[in-house]
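# A closer look at the structure
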Amino acid sequence: MGFTMGLNMILLLVMVATNILSLYHLSSTVQSPTPMPPSPVPDHLIRQLNTIRATINHLTRHNPSSASAATKQPSAVPQDLILHSQIGPIASSCHNHPDLLHKYMNYTPFSTCPFDPDLQETLILNGCHPLPRRRCFSKTPSKLPSSLPLTPFPTSLPDSGVVWNKYSCKSFTCLLQNNPTGFDLNAQRSSLLKYTSELDLPIPQFMQLAKSANSAIRLGIDIGGGTATFAAVMKKSYNVTMLTTTMNVNAPYNEAVALRGLVPLHVPLQQRFPVFDGTMDLVRCGRAVNRWIPVPVLEFMFYDVDRVLRAGGYLWVDRFFSKAVDLEKVYGPLIRKLGYKKVKWAVANKTDPSGLKHGEVYLTALLQKPVFKT
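Parameters and conventions
- Residues numbered from 1 in each chain as written.
- Predicted model: local features only at pLDDT ≥ 70, side-chain atom pairs only at ≥ 80, totals over all residues.
- Heavy atoms only, no water.
- Disulfide = S-S within 2.5 Å.
- Helix = DSSP H or I, 4+ residues; strand = E, 2+ residues; numbered from the N terminus.
- Buried < 20%, exposed > 50% of the residue type's maximum accessible area, 1.4 Å probe, protein only.
- Pairing = 2+ DSSP bridges.
- Axes fitted to C-alpha atoms, helices over the stretch in contact; angles between N-to-C directions.
- Contact = heavy atoms within 4.5 Å.
- Parallel < 35°, antiparallel > 145°, perpendicular 65-115°, else oblique.
- Left-handed = near helix turned anticlockwise from the far one by under 90°.
- Nonpolar A, V, L, I, M, F, W, Y, C, P; charged D, E, K, R; others polar.

An unreviewed UniProt entry annotates the protein as Methyltransferase type 11 domain-containing protein originating from Hibiscus trionum.

## Remarks on the state of the cysteines
Throughout the structure, instances matching the rule amount to three disulfides. One disulfide bridge connects Cys113 with Cys136, the sulfur atoms lying 1.9 Å from each other. As the torsion about the S-S bond is roughly 100°, the Cys113-Cys136 disulfide counts as right-handed. One end of the pair, Cys113, is in the loop between helix H5 (98-105) and helix H6 (117-125); the other, Cys136, is in the loop between H6 and helix H7 (172-178), with 23 residues separating them in the sequence. Owing to a relative accessible area of 14%, Cys113 belongs among the buried residues under this scheme. Each bonded cysteine of the protein is numbered by sequence order, and under that numbering the disulfide pairs are 1-3, 2-4, 5-6.

## Thoughts on the sheet that holds strand S5 (residues 309-323)
Across the sheet, which stays open at both edges, the seven strands sit in the order S3-S2-S1-S4-S5-S7-S6 with mixed pairing between neighbours. The sheet terminates laterally at strand S3 (263-265) and strand S6 (341-349), the two strands that pair on one side only. Taking each pair of neighbouring strands and ignoring which way they run, the sheet shows an average axis angle of 15°. As defined by bridge partners, strand S1 (residues 219-223) adjoins strand S4 (residues 280-285) across four bridges and the pair is classed as parallel. Counterpart to Gly220 in the pairing with S4 is Leu282. Where helix H10 (residues 203-212) meets the sheet, it contacts S4, S5, S6 and strand S7 (360-368), and its direction lies at approximately 145° from that of S5. The strands touched by helix H14 (residues 324-336) within the sheet are S5, S6 and S7, with S5 carrying the most contacts at an inclination of about 170°.

## A few points about the packing of H10 against helix H11 (residues 229-238)
In the contact formed by H10 and H11, the axes pass within 11 Å of each other and the chain directions differ by 60°. Taken together, H10 and H11 sit at an angle that is classed as oblique. Helix-helix and strand crossings are classified by hand; for H10 and H11 the assignment is right-handed. Residue-level contacts link Ile203, Pro204, Phe206 and Met207 of H10 to Phe230, Val233, Met234 and Tyr238 of H11. Class assignment for the residues of the contact of H10 with H11 results in eight nonpolar, no polar and no charged.

What follows is the structure, encoded as structure tokens:
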């Protein structure tokens with residue numbers, strides 16, 4: 001029903017656009033007493049019509065017409081999915097994965113939600129966000145932690161704060177042994193505070209640069225921040241509030257961030273940041289932002305970074321890696337297109353086996369958003 005309403009709305013837009021186009025041509029002929037050749041159609045009208053045509057093609061490709069649907073057996077679409085499509089947004093990419101979406105939405109309303117983080121991650125990483133499940137109660141651990149950490153750098157995180165059913169590890173000790181890069185909190189802190197190469201930008205040096213430019217750092221977003229050690233250092237040492245976008249890929253990253261007393265954002269890289277325009281002092285792109293991200297997604301992300309950054313705010317690109325030729329021809333121009341002031345721009349070879357094999361380099365950049373005149 002929601003799809004039909006959407007299609008009807010698009011068709012209405014087509015009629016409106018067609019009438020506008022007709023009136024445009026009519027006005028160009030009635031204003032002159034002598035016949036004149038038809039005026040060229042303005043570019044903005046052509047773009048509008050092309051956008052409407054593309055939208056109709058998308059809808060009709062993924063949603064069969066009511067006439068053809070009536071001749072087929074009714075599909076077992078979960079009723080809660082139909083309800084949600086009428087009262088809330090569903091990302092168009094959700095409809096590209098109907099089997100996964102139907103599996104996710106087959107639950108009993110007003111009961112405990114199925115615990116399926118792997119299914120959630122798959123849908124979100126494929127662009128299905130926000131997830132449409134609404135009317136059930138989230139599963140909780142079987143017992144409460146005896147105490148919660150009061151510092152972002154506790155000696156350990158309480159295992160009882162996580163539902164471990166779907167993970168191969170069943171404790172933070174196991175994760176520390178098998179994934180020290182992600183869960184060794186003290187090692188991560190050390191790497192953020194020391195200078196060992198031109199690619200490094202220690203947090204104290206960044207804060208001093210911002211202070212010398214009379215630019216206050218109070219709020220920010222760390223994109224792909226893992227267990228939020230960057231946010232932890234900023235909070236503990238500088239009283240800066242950082243939001244950390246992170247995904248639960250094979251481990252409970254969001255739970256770890258929350259147990260440290262920090263704020264996790266469970267959103268993929270292609271998702272619009274859930275904050276208002278021009279409110280952030282800093283956006284940092286960690287190592288999750290790299291050449292494996294499709295260029296259009298990366299471009300949209302950088303423009304959304306610009307949307308949330310205030311004038312004078314900073315974009316910090318930390319060890320972005322790509323092939324050297326791609327940095328020169330694709331990613332460098334993409335970043336410079338923002339028109340930001342270049343505070344730091346350091347490039348160095350990626351010397352691990354993969355980097356040597358593919359001719360990859362690292363980029364660390366610090367850029368400041370200027371005041372744009374309107």
